[in-house]
Amino acid sequence: MPFSLDLTKNPVEGFSAGLINDDNIFEWEVMVIGTPDTLYEGGFFKAHLIFPSSYPMMPPTMKFVSDMYHPNVYPDGTVCISILHPPGDDKYGYEKASERWSPVHTVETILISVISMLSSPNDESPANIEAAKEWRDDFPTFKKKVQRIVRRSAEML
């Protein structure tokens, strides 16, 4: 398995991961645990990490299947961070090629980037326009929505 994640050798704090189905090594389920001292603290968010057959040349996709309200997560749950974008130049000129996917990235670097994303949203390039606007212009409303999903996620366990 070229992209196995052995959490005992390479633990990533704030996550647990495993195969969705033992018969398919390309589909993983990840439990993202809200990082302390962030708005997401206390939350448990389930996501799927789907690897293409061309991995590691092309990036996986990550999609929250639990509710997630964040400027860099599309309303359908798909995570939008630079290292999950295909390699090469950004046709819009926003990202440098060095910020995008490279075969040197691992599951661990992806998960660490998601932790960083949750604690420090990039509202300059939002996937969820409403969340980004509230993050910038109406933080109390944004915070209230996040607290609601954190509470709901803990109740779903």
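Remember, it's a predicted structure, so these values are computed and weren't measured experimentally.

Attention now goes to the overall build of the protein. Check the secondary structure of the protein and you find three helices and four strands. Beginning at the N terminus, the succession of helices and strands in the protein can be written as β-β-β-β-α-α-α. Computed over the C-alpha atoms, the radius of gyration of the protein is 16 Å, within 12% of the 15 Å expected from 2.2 N^0.38 for a compact globule of 157 residues. Principal-axis analysis of the C-alpha atoms gives the protein an extent of 45 × 40 × 25 Å. For the protein, the residues scored as buried account for 37% of the 157 residues in total. Taking the intrachain contacts of the protein between residues at least 6 apart in sequence as the baseline, contacts between residues at least 24 apart amount to 51%. Total accessible area computed for the protein in this model is approximately 8800 Å², and 53% of it derives from carbon and sulfur atoms. Computed over 14 positive and 22 negative side-chain charges, the inter-centroid distance for the protein is 6 Å.

Going residue by residue along strand β4 (residues 61-64), you find M62 and F64 tucked away on one face and T61 and K63 left uncovered on the opposite face. As defined by bridge partners, strand β3 (residues 44-50) adjoins β4 across four bridges and the pair is classed as antiparallel. When the sheet's bridge partners are listed, A47 is paired in β4 with F64.

A few words now on the environment of Y40. If you trace the backbone, Y40 turns up in the loop between β2 (27-33) and β3. A C-alpha to C-alpha distance of 7.3 Å links Y40 and Q147, two positions 107 residues apart in sequence. Apart from residues no more than four positions distant in its own chain, Y40 is found in contact with G34, T35, F45, M68, Y69, H70, L118, F142, V146, I149 and V150.

The next thing to look at is unusual backbone geometry. In the segment running from Y55 into P56, the intervening peptide bond is cis, with an omega of 15°. Mapped onto the fold, P56 is located in the loop between β3 and β4. Positive phi outside glycine occurs at D37, with the angle close to 65°.

Below, the discussion takes up the pattern of salt bridges. Tallying each qualifying case throughout the model produces five salt bridges. Put simply, K145 and E134 hold a salt bridge, and the shortest N to O gap is 2.9 Å. With K145 in helix α3 (residues 139-155) and E134 in helix α2 (residues 129-137), this residue pair connects regions lying eleven residues apart in the sequence. The buried category is assigned to E134, whose relative accessible area is 12%. Bridged by salt links that share partners, the residues E130, E134 and K145 form one connected network.

The next subject is the packing of aromatic side chains. All told, the structure shown has eight aromatic pairs when counted by the stated rule. Between the aromatic rings of Y55 and W101, the centroid separation amounts to 5.9 Å while the plane-to-plane angle is 45°, which identifies the pairing as tilted. Separated by 46 residues along the polypeptide, Y55 in the loop between β3 and β4 and W101 in the loop between β4 and α1 (107-119) bring together distant segments of the chain. Overall, the relative accessible area of 2% leaves W101 in the buried class. With centroids separated by 5.4 Å and ring planes inclined at 80°, the aromatic side chains of W135 and F142 adopt a geometry described as edge-to-face. One aromatic cluster in this structure is built from W28, F51, Y55 and W101.

Further remarks concern the pairing of β3. Here β3 shows a buried face lined by F45, A47 and L49 and an unburied face lined by F44, K46, H48 and I50. Two elements, β2 and β3, share seven bridges in a ladder whose sense is antiparallel. In the sheet register, V32 faces β3, and the bridge partner there is F45.

What counts as what
Residues numbered from 1 in each chain as written. Predicted model: local features only at pLDDT ≥ 70, side-chain atom pairs only at ≥ 80, totals over all residues. Heavy atoms only, no water. Helix = DSSP H or I, 4+ residues; strand = E, 2+ residues; numbered from the N terminus. Rg over C-alpha atoms; globule rule 2.2 N^0.38 Å. Buried < 20%, exposed > 50% of the residue type's maximum accessible area, 1.4 Å probe, protein only. Contact = heavy atoms within 4.5 Å. Areas by Shrake-Rupley, 256 points an atom, 1.4 Å probe, with all protein chains shown as cover. Lys, Arg positive; Asp, Glu negative; His and termini not counted. Charge placed at Lys NZ, Arg CZ, Asp CG, Glu CD. Pairing = 2+ DSSP bridges. Salt bridge = Lys/Arg side-chain N within 4 Å of Asp/Glu carboxyl O. Phe/Tyr/Trp six-rings, centres within 6.5 Å; stacked < 30°, edge-to-face > 60°.

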